[in-house]
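Okay, here's what each chain looks like letter by letter:
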Amino acid sequence: MTELQRRDNSSILEVRNLTVAYGTKIAVDNVNLEIRHGEIFGLLGPNGAGKTSILSSIEALIKPRSGQVLIEGIDIIDNSQRVKAMIGVQLQATSFQSELTIRQIVRLYAGLYGVKLTLQRINERLEETGILNEAGKPFKDLSGGQQQRLALLIAVIHNPVLLLLDEPTSGLDPQSRRQLWRRIEHIRQSGGSILLTTHSMEEAQTVCDRVAIIDHGKLLTCDTPRHLIEKHKDDIRVQKVAHGDVTLEDVFIGLTGSEIRD
Amino acid sequence: MTSYEQRMSPNSKVMFESLFKADILVLIKNRRSLVLGIILPLIILATTNGHKAQQRLGGSLLLVGLAITYGLMSTSMLGYALSIARDRDAGVFQRLRVTPAPTWMIMTSRLTIQAIANLIIALLVVIVGTSIYHLTLTLTQYAMVLAISILGGAMFLSIGQAMVGLLKSSETVNAAGRIVFAGLILLGLLGFSGVLGGTLESIATWSPVGTVMTLFSGVMNPSKWTGHDSLSLLVTFGYIACFASLGIRWFRWDTH
Ligand SMILES: Nc1ncnc2c1ncn2[C@@H]1O[C@H](COP(=O)(O)OP(=O)(O)OP(=O)(O)O)[C@@H](O)[C@H]1O
Ligand SMILES: [Mg+2]
């Protein structure tokens, strides 16, 4: 098989019949997902829908009640170390040792991912991310957005084949948000695939090839943003919330309901 | 093949070195715990020098042992346990756990640094203590004092580990650490001053501080090593096994 064919046909990530429970609470209910090579995939859902729980299962941070996760066809449970070297992760709430400076943190994680970085390369990376001036500061002294940018820098430090981003643009200013979108696109072009969660429908529509909407742990629908609108625009629930042309947000609210989650 | 797929998994040596370096930096920045672990013993040495207390507490070498014990207790139970609990609260471990570094490596690096810090404390206190009291130790005695310090350090570390294993938030770990610390100090001091009688006395003797102190006193006279000393050694190992398994069995990387 040529590289191109493989790209088109095979999946980088497969989530099969995933169920996650915390005690008696079912957070993810029999979810199936497939992400193809070179795809940017968005996971949408209201607060508490189970997005982070799905990501945590893929990252092997939590043990699902049942189901299977395969990355490049490799089961993550049996080969967690190997798989962890292949994925880049940005957690919804990331924290680094508060005593370390930004530069020391970058050096630590470069080492953990087996990446050799000279001081000059580290500074270049920090410069690109716009936090070079902060390089000598401890993590806790950065602004929220700067912390987020560092977390994203660490997530891609080893050029992962699969990038898992949990609300990557929350807390970012519009400039940084656009920069991140460009980066994501760039990562895709150089062979990576991305799974991200977001609450921004604009973001989902702009950057994602396909999106899935989940609620109460269940996958409600999954397709390209355009097809999703096509598919659900005549749904009575969607019609009720739409003003004029149906948008992705109308579909989202129509399918997941208008009430606010706790 | 893309360049991505040609990359190899990072090797364990590089991973451990990176973790270890970072943990050293953290320990140095967190001087407070290290300084406390050295200052506290020095205060004990300074305030007991030349006093009658020295006789009552069982002689100068035993005081050096007591000073070391308190130093080890403070760095392990207050310093180590609290830093683990805080990092866990903040989510530092979750970020480390999604890297290829195995979890045992993350913990081993931390524990190794702490063990080295303990050894430095013990060495410093022995050197200062013996010179204040004009003690001359044989090489064997030196070695034994250090060996017991390592053992005692391991025991207090395992108590610290048990605390972060059984307690969730860093606030509770902090509070419990202080209470246990104060309790053990009192038990140790009173136990060895002989003011306690009967049951309390024997609780003190077999408490974690008591067994270590018994071992230190055994060093003063290695030729007269008693069955009580051997039993204390055994009990110390028992404490380590018990607290360490509690601390590992119940440890959670995430408190949320
Ligand atoms: N460690 C946990 N213990 C108990 N319940 C949990 C835990 N983590 C998540 N939950 C519950 O599981 C459900 C799904 O949570 P999850 O964090 O996956 O949602 P989410 O879609 O990421 O939400 P958000 O958009 O707010 O980040 C929620 O009801 C949450 O309360
Ligand atoms: Mg979430």
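For clarity, every value in this text was computed on a predicted model and none was experimentally measured. (Residues numbered from 1 in each chain as written. Chains lettered and ligands numbered in written order. Predicted model: local features only at pLDDT ≥ 70, side-chain atom pairs only at ≥ 80, totals over all residues. Heavy atoms only, no water.)

S.K.: Looking at this structure, how should I read the coordination of the magnesium ion (ligand 2)?
M.R.: Tetrahedral coordination by four donors sets the ideal angle at the metal to 109.5 degrees; octahedral coordination by six donors sets it to 90 or 180 degrees. Residue and element names in this part refer to chain A. Coordination sphere of the magnesium ion (ligand 2), protein contribution only: Thr52 (OG1) and Gln92 (OE1), at 1.9 to 2.1 Å. Separated by 40 residues along the polypeptide, threonine 52 in helix α2 (residues 51–58) and glutamine 92 in the loop between β6 (87–90) and α4 (102–112) bring together distant segments of the chain. Residue classification places threonine 52 among the partly exposed residues on the basis of a relative accessible area of 32%. (Donors = N, O, S within 2.8 Å, 3.2 Å for Na, K, Ca; no water. Helix = DSSP H or I, 4+ residues; strand = E, 2+ residues; numbered from the N terminus. Buried < 20%, exposed > 50% of the residue type's maximum accessible area, 1.4 Å probe, protein only.)

S.K.: Hey, could you run me through the site of ligand 1 in this one?
M.R.: The local shell around ligand 1 holds 15 residues, among which Gly48, Lys51, Thr52, Ser53 and Gln92 of chain A are the closest. Ligand 1 sits at the junction of chains A and B, each of which supplies nearby residues. At 2.6 Å from an oxygen atom of ligand 1 is found a side-chain nitrogen or oxygen belonging to serine 53 of chain A. Glutamate 167 of chain A places a polar side-chain atom, nitrogen or oxygen, 3.5 Å from an oxygen atom of ligand 1. (Near = heavy atom within 4 Å. Polar contact = N/O pair within 3.5 Å; in protein donor to acceptor, adjacent residues only side chain to side chain.)

S.K.: Sorry, what's going on with the pairing of strand β10 (residues 218–223) of chain A here?
M.R.: Residues and elements named next belong to chain A. Taken together, the 5 bridges between strand β9 (residues 210–215) and β10 define a ladder with antiparallel strand orientation. Paired with isoleucine 214 across the two strands is leucine 219, which belongs to β10. Where β9 folds back on β10, the antiparallel hairpin that results is connected by 2 residues, among which histidine 216 adopts a positive phi of roughly 50 degrees. (Pairing = 2+ DSSP bridges.)

S.K.: Quick question: what am I supposed to make of the interface of chain A and chain B here?
M.R.: It is common to give the size of an interface as the accessible area that goes away when the parts come together. Between chain A and chain B, the residue contacts involve 37 residues of the former and 30 residues of the latter. Carbon and sulfur atoms supply 58% of the area buried between chain A and chain B, which totals about 3,000 Å² over both sides. When the area that chain A buries against chain B is broken down by residue, the three leading residues are Leu61, Glu99 and Leu112 of chain A, summing to 22%. There are 0 salt bridges connecting chain A and chain B. Applying the counting criterion to the chain A and chain B interface returns 7 residue pairs in polar contact (both at pLDDT 80 or more). For the side of chain A that touches chain B, the secondary structure elements donating two or more residues are α1 (3–9), α3 (80–86), α4 and α6 (144–155) of chain A. Here the element with the most residues in the side of chain A that touches chain B is α4 of chain A; it accounts for 5 residues. Here the side of chain A that touches chain B is built from residues that sort into 16 nonpolar, 13 polar and 8 charged. (Contact = heavy atoms within 4.5 Å. Buried area = accessible area lost by both parts, 1.4 Å probe. Salt bridge = Lys/Arg side-chain N within 4 Å of Asp/Glu carboxyl O. Nonpolar A, V, L, I, M, F, W, Y, C, P; charged D, E, K, R; others polar.)

Just geometry here; none of it tells us what the structure is for.
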